[in-house]
Amino acid sequence: QKEVEQDPGPLSVPEGAIVSLNCTYSNSAFQYFMWYRQYSRKGPELLMYTYSSGNKEDGRFTAQVDKSSKYISLFIRDSQPSDSATYLCAMSANQAGTALIFGKGTTLSVSS
Amino acid sequence: DTEVTQTPKHLVMGMTNKKSLKCEQHMGHRAMYWYKQKAKKPPELMFVYSYEKLSINESVPSRFSPECPNSSLLNLHLHALQPEDSALYLCASSQAWAVRSGNTIYFGEGSWLTVV
């Protein structure tokens, strides 16, 4: 079993839809969870950062972490064509020198 | 805009060439990273520098040689590369070599490398 599983999609939605992106993981030591957005031919851009369980909201974006289920989600409200990108989940344990583990990324396309 | 700057944005090199990728950050971060990303794949960690010392080398072939001249700069020297080394090379930085509260990894825009 891979440490981090993420459905690669592609996921296509109409403008204005609510988008749900998800990752599951197997390492119970993971405590830090991030979502990166990557536009085509660009570097990943940090979108959301959460620690342990709970929700975090930033504008149209909400990140949820459920450590009991080893499941994290990113919700995008009122999706826009500019949200079309690949979304990578990433996570890390609370140990010095541990690497960031990425999911494979989900490609999202929002049509106008 | 990202505060991690990478040059060049695009590089085409022959298998016998020697070239370098450069990265600069002015956020006062003490950890810097090189990642390699192939199409439709997540970034793969290559090297980690912590306080200008090489901390991690993820079994990267010796044709890739990292260098950290100071806390703001990171280079990746390339020599005798193979066509399969063609990829997006990402530089990143963080406050320290550990993902802790408030300490996240920021990526540059990347350098697209094509080996012919």
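Now for a look at the structure at hand. (Residues numbered from 1 in each chain as written. Chains lettered and ligands numbered in written order. Predicted model: local features only at pLDDT ≥ 70, side-chain atom pairs only at ≥ 80, totals over all residues. Heavy atoms only, no water.)

Along chain A, the regular secondary structure elements total zero helices and eleven strands. The order of α-helices and β-strands along chain A, N terminus first, is β-β-β-β-β-β-β-β-β-β-β. Relative to the 2.2 N^0.38 estimate, which gives 13 Å for 112 residues, the radius of gyration of chain A is 14 Å and therefore close to what a compact globule would have. Projecting the C-alpha coordinates of chain A onto the three principal axes gives extents of approximately 45 × 30 × 25 Å. Among the 112 residues that make up chain A, the fraction classed as buried is 43%. (Helix = DSSP H or I, 4+ residues; strand = E, 2+ residues; numbered from the N terminus. Rg over C-alpha atoms; globule rule 2.2 N^0.38 Å. Buried < 20%, exposed > 50% of the residue type's maximum accessible area, 1.4 Å probe, protein only.)

Turning our eyes to something else, we now look at the state of the cysteines. Summed over the entire model, instances satisfying the criterion amount to two disulfides over all chains. At a sulfur-sulfur separation of 2.0 Å, the disulfide partner of Cys23 of chain A is Cys89 of chain A. Here Cys23 of chain A and Cys89 of chain A share a disulfide; its torsion about the S-S bond, -100 degrees, makes the bridge left-handed. Of this pair, Cys23 of chain A sits in strand E3 (residues 19–25) while Cys89 of chain A sits in strand E9 (residues 85–93), placing them 66 residues apart in sequence. Each member of the pair Cys23 of chain A and Cys89 of chain A is classed as buried. Residue pairing for Cys23 of chain B: its cysteine sulfur links by disulfide to Cys91 of chain B, the two sulfurs lying 1.9 Å apart. Residues Cys23 of chain B and Cys91 of chain B are joined by a disulfide whose S-S torsion is about -75 degrees; by sign, that bridge is left-handed. Of this pair, Cys23 of chain B sits in strand E3 (residues 18–25) while Cys91 of chain B sits in strand E9 (residues 87–94), and the two are 68 residues apart along the sequence. (Disulfide = S-S within 2.5 Å.)

Take the pairing of strand E4 (residues 31–37) of chain B next. The two faces of a sheet get side chains in turn, since along a regular strand they alternate between them. Residues and elements named next belong to chain B. Of all seven residues in E4, seven are buried, a share of seventy percent or more. Residues of E4 alternate between two faces, with Ala31, Tyr33, Tyr35 and Gln37 on one and Met32, Trp34 and Lys36 on the opposite face, all of them buried. With six bridges connecting them, E4 and strand E5 (residues 44–50) associate as antiparallel partners. Paired with Lys36 across the two strands is Glu44, which belongs to E5. Linking E4 to E5, which pair antiparallel, is a turn of six residues; within it Lys40 sits at a positive phi near 60 degrees. Pairing analysis gives seven bridges linking E4 to E9, with the strands arranged antiparallel. Counterpart to Tyr35 in the pairing with E9 is Leu90. (Pairing = 2+ DSSP bridges.)

Moving on to the pattern of salt bridges. Following the criterion strictly, the structure yields six salt bridges over all chains and no others. Of the charged contacts, one joins Glu109 of chain B and Lys42 of chain A as a salt bridge, the two residues approaching to 3.2 Å between their closest N and O atoms. Here Glu109 of chain B is found in the loop between strand E10 (106–107) and strand E11 (111–115), whereas its partner Lys42 of chain A is found in the loop between strand E4 (30–38) and strand E5 (45–51) on a different chain. Residue Arg77 of chain A pairs with Glu57 of chain A through a salt bridge whose shortest N-O separation is 3.4 Å. (Salt bridge = Lys/Arg side-chain N within 4 Å of Asp/Glu carboxyl O.)

This paragraph deals with the sheet that holds strand E1 (residues 4–6) of chain A. Residue and element names in this part refer to chain A. If you walk across this open sheet you meet the five strands as E1-E3-E8-E7-E6, and the pairing is antiparallel. Only two strands of the sheet have a single neighbouring strand rather than two, namely E1 and strand E6 (54–58). Within the sheet, the average angular offset between the axes of one strand and its neighbour, ignoring direction, is 15 degrees. (Axes fitted to C-alpha atoms, helices over the stretch in contact; angles between N-to-C directions.)

Residues and elements named next belong to chain B. Read across the open sheet, the four strands follow the order E1-E3-E8-E7; overall the sheet is antiparallel. Each edge of the open sheet is held by one strand with a lone partner, namely strand E1 (4–7) and strand E7 (64–70). Taken over all neighbouring pairs, the strand axes of this sheet differ in orientation by 20 degrees on average, direction set aside. As judged from the five bridges shared by E7 and strand E8 (residues 73–79), these two strands associate in the antiparallel manner. Within E8, the residue paired with Pro66 across the bridge is Leu76.

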